Every structure is written in C-alpha cells, then in structure tokens.
Amino acid sequence: MKAGADMEIAGKAVCVFMLLTVTKLRRTEGNNSVLAKLGHSTVMTCPSDKNITMVTWKISPKTGNLCILAYRIDLNKTERTNCSDRMNWRSRPDRDWALNIDQVRMADEGNYTCEVVNEDGNFHCSYHLTVLVSPRMALYCDDHGNPVCEAETVKPSAEISWVPESNSTPSADSHDNGTVTVLSRFAASSTNGKTPTCTVSHATLNETKSIACSSSPRDLILCIAIILGFLIFITFVAVIHYFKLHGYRFCHKTKPPDIIPTYSSQDDTMEVEPYTTYVQRENVIYNSVSDLTMRQNLPQGGSPAT
C-alpha cells in the first residue's frame, strides 16, 4: 500500500514537472491588433531575447496561401515561402527581426505570428492586421440645388455631419467590390445665412468641406416660365377690361354689300313686249273709232276714201 501511494505521488510530480516544462518552452503573447492605412507601410515587431537560434514569421491572410519568412541564425540563412516582395525584414535579420510591409493592400489582412526559438523554448507573438481605407469625399449640388455629401470607403464606414444641422438621415449603399458609400443630402428649414458645411469623420480621415448651391437651371427655367405666364394672363385681362371700359364690341352686325343688278337683252325684250302689245291695241281702237266717225259725217250714198 505504501509503495502504491509513493508511485502515485511520483507520477503527479512528473506530470507537474512536464507541464511546467512545456509552459516554459512554449510561451505565447496575446493577440495584438494592428491598424494599417491602405497604401501605407506598417511594421510588426518580434520578441528580442538572447541566444536565439531561429526566427520565423507565419502569415495567414484572409485570402491566399500561408506565407513563411524564416531566418536561421546559426546558419545565417533566410528562407521565403509564398511571400510577397512587399513583405520583408525591416532591417538585416541578424540585427532586427521585425516584419515590414510596404504599400499595404486589402489582401494583406489576416493573422501574423512571430516565433522565436532559443535554448529556453519557443516564444510566439501574434498580430491581427486590419487595413483601413480612407474615404473618398465628394461634395456637390443635386438637380434641385441641394448640397449632397458622399463618402466612399471600405471599412469602417464613414460618418457624415452638417453645419448647420441637417434633418436628413445618411444612407449607406454597399457595392460588389466591398466598398460602402455613405450619402447625406442637406435638408434644413433655414441656414441663417450660413454656407452648408459637410464633415466626414473616419478612423483615417477627418475632412470638412463647404459648398453654396444656387437654384438649378431647370428650376430657374420653370420659375421664368411661371412668371411669363402670369404676366401674359394679367395683360390679357387688362386688355379685355380696357375695351369693355370704352364700349368696344368685339362682334358687330355688318351690312351686306350692295349688289348691282345685271340685265341681259332677254330681260329688256321681256320688259318691252307688254308695252308694244298695249300700243298696238290702242291703235286698233283708235282706227275703229276714226272710221266710225267718218262714216257718220259722210253724205248718204257716198263712201269714204281709201
């Protein structure tokens, strides 16, 4: 029984020793967050201990293959596997084990781990790289003469504010290329004579622009058309009132034109024929009366001369 108890105690001691040994040989620092601007350079450091025999950077991007950048101090030899030329040692690897990334791209986002090996064990330092994209700011006037502010970025999305304060709510539109456009249209009841100013706030940018918008050509043309139509209407009403005031009538009863009668020779003949007939009848009657008178005045037995 005593021997069994001693063996159990010895086993536990061995387990504790092995656990402490593993803990000593493999020590990992916490995961650090690194923010880098798109197109800029960034540096990640590695623990610097004595008697280091090997340094290895292991890069696991969100897209792409695993990249390994290693340096063997005992052999003074470097190795590269699937690593971009933009990723390299900040200085000579025998002096500085920091990793430098030139012209950071969106594809560089991911996890970066530096592993240092010495006589005391392995030491790890991990980073998570996040690429920030500065928003592209645009301020312009829309077709109705209202100021519009836009901010296009990848992440995080930008925030837009107005001075004077606007009643509009910004809208975000996501695109297939991963960018997000935040748009805000200035809408305020009164500006109190102040020029609308747009401010874009972002982790990589804090920019302010102002713009004064005038009425759009379309609105100006519409306004001119309304004014001209109103003036034409007023003029028309004034003319009508003037003519009514002076007793002028727009409609008059016109006298039909004089028609000169035309006569033909046939009409003259028709008018002369009744008169001729009348004269002939008068002559017959006159002759008859004359003959009768002459017979009464002649002596008996005589005859009128022919």
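Residues numbered from 1 in each chain as written. Predicted model: local features only at pLDDT ≥ 70, side-chain atom pairs only at ≥ 80, totals over all residues. Heavy atoms only, no water.

Trainee: Looking at this structure, I do not really get the pairing of strand β14 (residues 180–185). What am I missing?
Mentor: Regular strands place side chains that alternate from one sheet face to the opposite one. Note: strand β11 (residues 147–153) against β14, six bridges, orientation antiparallel. Bridging across to β14, Glu-150 finds its partner in Leu-183. In terms of strand pairing, strand β13 (residues 171–174) meets β14 through four bridges, oriented antiparallel. Bridge pairing in β14 places Ser-171 opposite Leu-183. The antiparallel pairing of β13 with β14 creates a hairpin that spans five residues between the two strands, and Gly-178 there sits at a positive phi of about 95°. (Pairing = 2+ DSSP bridges. Helix = DSSP H or I, 4+ residues; strand = E, 2+ residues; numbered from the N terminus.)

Trainee: What am I meant to see in the side chain of Thr-181 here?
Mentor: Relative to the elements of secondary structure, Thr-181 occurs in strand β14. Judged by relative accessible area, Thr-181 falls into the buried class, the value being 12%. A polar atom in the side chain of Thr-181 sits 2.9 Å from the side chain of His-175. Contacts of Thr-181, omitting those with residues within four sequence positions, involve Glu-150, Ala-151, Glu-152, Ser-171, Ala-172, Asp-173 and His-175. (Buried < 20%, exposed > 50% of the residue type's maximum accessible area, 1.4 Å probe, protein only. Polar contact = N/O pair within 3.5 Å; in protein donor to acceptor, adjacent residues only side chain to side chain. Contact = heavy atoms within 4.5 Å.)

Trainee: Just checking my understanding: could you explain the side chain of Ser-184 for this structure?
Mentor: Relative to the helices and strands, Ser-184 is located in strand β14. The exposure class assigned to Ser-184 is buried, which follows from its relative accessible area of 1%. Of the polar contacts made by the side chain of Ser-184, one reaches the side chain of Ser-168; its length is 3.5 Å. When neighbours within four sequence positions are excluded, Ser-184 is seen to be in contact with Pro-147, Val-148, Cys-149, Ile-160, Trp-162, Ser-168 and Pro-170.

Trainee: What's the story with the pairing of strand β15 (residues 197–202) in this structure? I'm lost.
Mentor: Taking burial as the measure, the six residues of β15 include five buried ones, the bulk of the element. The sheet contact formed by strand β12 (residues 159–163) and β15 spans five bridges and is antiparallel. Within the sheet, the bridge partner assigned to Ser-161 lies in β15 and is Thr-199. Pairing of β15 with strand β16 (residues 205–210) involves six bridges; the strand directions are antiparallel. Across the sheet, Thr-199 pairs through a bridge with Thr-208, a residue of β16.

Trainee: Would you mind showing me how to read the confidence of the model for the protein here?
Mentor: Detailed reading of predicted coordinates is not advised where the pLDDT is low. Summary statistics for the protein give a mean pLDDT of 77 and a share of 68% for residues scoring 70 or more. Taking the mean pLDDT of every element in the protein, the minimum, 41, falls on helix α1 (residues 2–25) and the maximum, 96, on strand β7 (residues 99–101). Confidence drops under a pLDDT of 50 for residues 1–5, and excluding neighbours within four residues, the segment shows zero contacts in the predicted structure. Note that residues 9–28 has pLDDT below 50 and, in this model, 11 contacts with residues that lie over four places away or in other chains. (pLDDT = per-residue confidence, 0-100.)

Trainee: What exactly am I supposed to notice about the state of the cysteines here?
Mentor: Simply put, the disulfide is a covalent bond whose two ends are the sulfur atoms of two cysteines. Under the counting rule described, the total for this entry stands at four disulfides. Across a sulfur-sulfur distance of 1.5 Å, Cys-46 and Cys-114 are joined as a disulfide pair. Negative torsions about the S-S bond denote left-handed disulfides, and the value of about -70° found for Cys-46 with Cys-114 makes this one left-handed. Remark: Cys-114 occurs in strand β8 (residues 110–118) and Cys-46 occurs in the loop between β2 (42–44) and β3 (52–61); sequence separation between them is 68 residues. (Disulfide = S-S within 2.5 Å.)

Trainee: Help me understand the sheet that holds β15 in this model?
Mentor: Strands pair in a sheet through their backbones, by hydrogen bonds, and they do so in one of two ways: parallel or antiparallel. The strand order β12-β15-β16 describes an open sheet built from three strands, whose pairing is antiparallel. Two strands close off the open sheet at either side, each with one partner strand: β12 and β16. Adjacent strand axes in the sheet meet at a mean angle of 20°, parallel and antiparallel pairs treated alike. (Axes fitted to C-alpha atoms, helices over the stretch in contact; angles between N-to-C directions.)

Trainee: Where do I start with the environment of Thr-197 in this structure?
Mentor: Within the secondary structure, Thr-197 is located in strand β15. Judged by relative accessible area, Thr-197 falls into the buried class, the value being 15%. Each C-alpha atom, one on Thr-197 and one on Ser-161, is 8.4 Å from the other, the two residues being 36 residues apart in sequence. When neighbours within four sequence positions are excluded, Thr-197 is seen to be in contact with Ser-161, Trp-162, Val-163, Thr-208, Lys-209 and Ser-210.

Trainee: Would you take a moment to explain unusual backbone geometry for this structure?
Mentor: Generally, phi is negative for residues other than glycine and the peptide bonds are trans, each holding for most cases. Note that the residue after Val-163, namely Pro-164, is joined by a cis bond; omega there is -5°. Turning to its location among the elements, Pro-164 is positioned in the loop between β12 and β13. In the Ramachandran plot, Asn-76 falls in the positive-phi region, its phi being about 50° despite a non-glycine side chain. When you line up the elements, Asn-76 lands in the loop between β4 (67–72) and β5 (77–81).

Trainee: I'm lost on the nonpolar core in this one. Help?
Mentor: Grouped together as the largest cluster of nonpolar side chains are 26 residues, with contacts concentrated most on Met-44, Val-55, Trp-57, Leu-99 and Tyr-112. Within the residue set of this core, elements represented by two or more residues are β1 (26–37), β3, β4, β6 (87–89), β7, β8 and β9 (121–132). Sort the elements by how many residues they give to this core and β9 lands first, with five residues. Ranked by size, the runner-up nonpolar core spans 13 residues in total, among them Met-137, Ala-158, Trp-162 and Phe-186. (Core = buried A, V, L, I, M, F, W, Y, C linked by side-chain atoms within 4.5 Å.)

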